[in-house]
Amino acid sequence: MVGFELVQYLSQRKVLVEEALGQFLPLAEPETIYQAMRYSLLAGGKRLRPILCLASCELLGGRLAWAVPTACALEMIHTMSLIHDDLPAMDNDDLRRGQPTNHKVYGEAMAILAGDGLLAYAFEVMATQTPAQVQPAQVLAVVARLGRAASASGLVGGQVMDLQSEGKPIPLTTLQTLHAKKTGALLEVAVVSGGILAGGGTEELGRLSRYAQKIGLAFQIVDDILDITGTPEKIGKTIGKDVAVQKATYPSLLGLECSQNLAQQLTTEAKTELIGFGERAVPLLALADFITQREH
Ligand code: GRG
């Protein structure tokens with residue numbers, strides 16, 4: 001892939017994902033709930049999880065179309081987790097993706113239901129829209145993995161640990177487990193599911209999984225850093241919240257510089273997992289760098 005242009009790649013993939021999301025979720029009755037679901041789902045965002053899924057599918061020789069429903073399902077689950085994370089009972093945030101949060105526009109009850117609706121629909125889309133060229137056993141494997149990533153062993157468990165550790169000192173090992181569940185699980189399934197849909201074998205999926213775990217942790221470290229160094233205009237959400245609620249973060253435990261170095265080291269380690277895949281690994285290599293260098 002001579003002359004690979006990441007910026008162009010990201011914007012083309014974002015368009016592809018957003019068109020598919022809009023088509024999978026047209027307005028229907030009862031209109032308010034569809035409006036609330038579409039409000040957050042189509043509000044922008046980097047679309048990193050679907051882009052990773054599509055890239056790993058292509059890395060192992062799969063067609064883009066095979067992974068589009070799963071890529072969209074990942075974004076639906078990610079978006080539902082953001083809607084619920086922003087609720088007054090959780091982080092109580094007013095701003096997300098540069099816009100008022102879902103409950104600020106539609107009210108708390110509708111925001112809870114919009115999240116529930118997106119979570120359930122994600123599984124319907126994967127099960128019913130994945131093209132017939134993909135073996136049912138592979139679709140089932142992806143459904144099972146995504147269910148696990150969203151469950152109490154993944155996102156839900158990570159969120160619980162997060163809520164329980166507010167205002168308390170926690171060791172770095174606990175913080176790492178919290179992040180592996182809250183952020184890492186979905187990023188890992190994003191990368192590995194693309195590989196499964198492409199028919200990847202155990203060794204290839206193992207390498208994709210290790211790559212994803214490393215970039216997942218780097219992603220969260222950068223997220224913690226941006227909560228200190230970012231601006232609401234750039235990152236589209238309130239900043240300084242971690243310090244305000246005395247949340248343990250990588251910068252609070254290790255300092256800013258050490259956190260930046262760790263994110264860089266994890267990115268380098270992630271990239272070594274892709275040695276041997278040749279030219280096809282270029283997008284995933286560039287995405288690893290993007291995660292560490294991003295400003296939003
Ligand atoms: C999945 C059933 C279920 C419940 C969710 C609320 C909750 C339980 C979990 C919270 C998960 C959460 C909000 C993790 C934070 C992950 C994170 C760093 C989000 C920011 O992701 P970006 O930067 O955002 O990719 P954009 O807007 O670009 O998509």
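What this report covers is the structure whose coordinates are included nearby. Predicted, not measured: the structure shown is a model, and the values here were computed from it.

## Concerning the site of the ligand
Line of reasoning, step 1. Around the ligand, a shell composed of 21 residues is seen, among which Lys46, Arg49, His78, Arg97 and Gln159 lie nearest.
Line of reasoning, step 2. Lys46 places a polar side-chain atom, nitrogen or oxygen, 2.6 Å from an oxygen atom of the ligand.
Line of reasoning, step 3. Between the ligand and His78 there is a distance of 2.8 Å, counted from an oxygen atom to a side-chain nitrogen or oxygen.
Line of reasoning, step 4. About the coverage of the ligand: the protein hides 91% of its 750 Å² of free accessible area.
Line of reasoning, step 5. Put simply, the parts of the chain that give the shell around the ligand at least two residues each are helix H4 (64-86), helix H8 (155-165), helix H9 (172-197) and helix H10 (202-229).
Line of reasoning, step 6. Here the shell around the ligand gets six residues from one element, more than from any other, and that element is H4.
Line of reasoning, step 7. Class assignment of the residues belonging to the shell around the ligand gives a composition of seven nonpolar, seven polar and seven charged.

## Notes on a nonpolar patch on the surface
Line of reasoning, step 1. A cluster of nonpolar side chains, Leu172, Leu253 and Leu254, forms an exposed patch at the surface whose accessible area comes to about 200 Å².
Line of reasoning, step 2. Along the chain, the position of Leu254 falls in helix H13 (residues 250-254).

## Some words on the layout of surface pockets
Line of reasoning, step 1. Empty space within the second largest pocket amounts to approximately 420 Å³.
Line of reasoning, step 2. Lining the second largest pocket are 17 residues; nearest its centre among them are Ala180, Gly184, Ala185, Glu188 and Gln213.
Line of reasoning, step 3. Every element with two or more residues in the lining of the second largest pocket is listed here: helix H7 (136-150), H9 and H10.
Line of reasoning, step 4. Here the lining of the second largest pocket is built from residues that sort into five nonpolar, seven polar and five charged.

## Some remarks on the pattern of salt bridges
Line of reasoning, step 1. Within this structure, the stated rule accounts for 16 salt bridges.
Line of reasoning, step 2. Measuring nitrogen to oxygen at the nearest pair gives 2.8 Å for the salt bridge that ties Glu18 to Arg47. Residue Glu18 is located in helix H1 (residues 6-24), and its partner Arg47 is located in the loop between helix H2 (31-41) and helix H3 (48-59); the two are separated by 29 residues in the primary sequence.
Line of reasoning, step 3. When its relative accessible area of 25% is taken as the criterion, Glu18 is described as partly exposed.
Line of reasoning, step 4. Look at Arg47 and you get buried, because its relative accessible area is 1%.
Line of reasoning, step 5. In this structure, Glu203 and Arg207 form a salt bridge, with 3.4 Å as the shortest nitrogen-oxygen distance. Of this pair, Glu203 and Arg207 both sit in helix H10, four residues apart, which is roughly one turn of the helix.
Line of reasoning, step 6. Sharing partners across several salt bridges, the network here consists of Lys14, Glu18, Arg47, Glu75 and Arg97.

About the thresholds
- Residues numbered from 1 in each chain as written.
- Predicted model: local features only at pLDDT ≥ 70, side-chain atom pairs only at ≥ 80, totals over all residues.
- Heavy atoms only, no water.
- Near = heavy atom within 4 Å.
- Polar contact = N/O pair within 3.5 Å; in protein donor to acceptor, adjacent residues only side chain to side chain.
- Areas by Shrake-Rupley, 256 points an atom, 1.4 Å probe, with all protein chains shown as cover.
- Helix = DSSP H or I, 4+ residues; strand = E, 2+ residues; numbered from the N terminus.
- Nonpolar A, V, L, I, M, F, W, Y, C, P; charged D, E, K, R; others polar.
- Patch = residues over 30% accessible without salt bridge, like charges linked within 9 Å, V, L, I, M, F, W, Y side chains within 5 Å.
- Salt bridge = Lys/Arg side-chain N within 4 Å of Asp/Glu carboxyl O.
- 1 Å grid on protein atoms, 1.4 Å probe; cavity = no way out; pocket = protein on both sides within 12 Å on 5 of 7 lines; lining within 4 Å.
- Points joined across faces, edges and corners; volume = space filled by probe spheres on them.
- Buried < 20%, exposed > 50% of the residue type's maximum accessible area, 1.4 Å probe, protein only.

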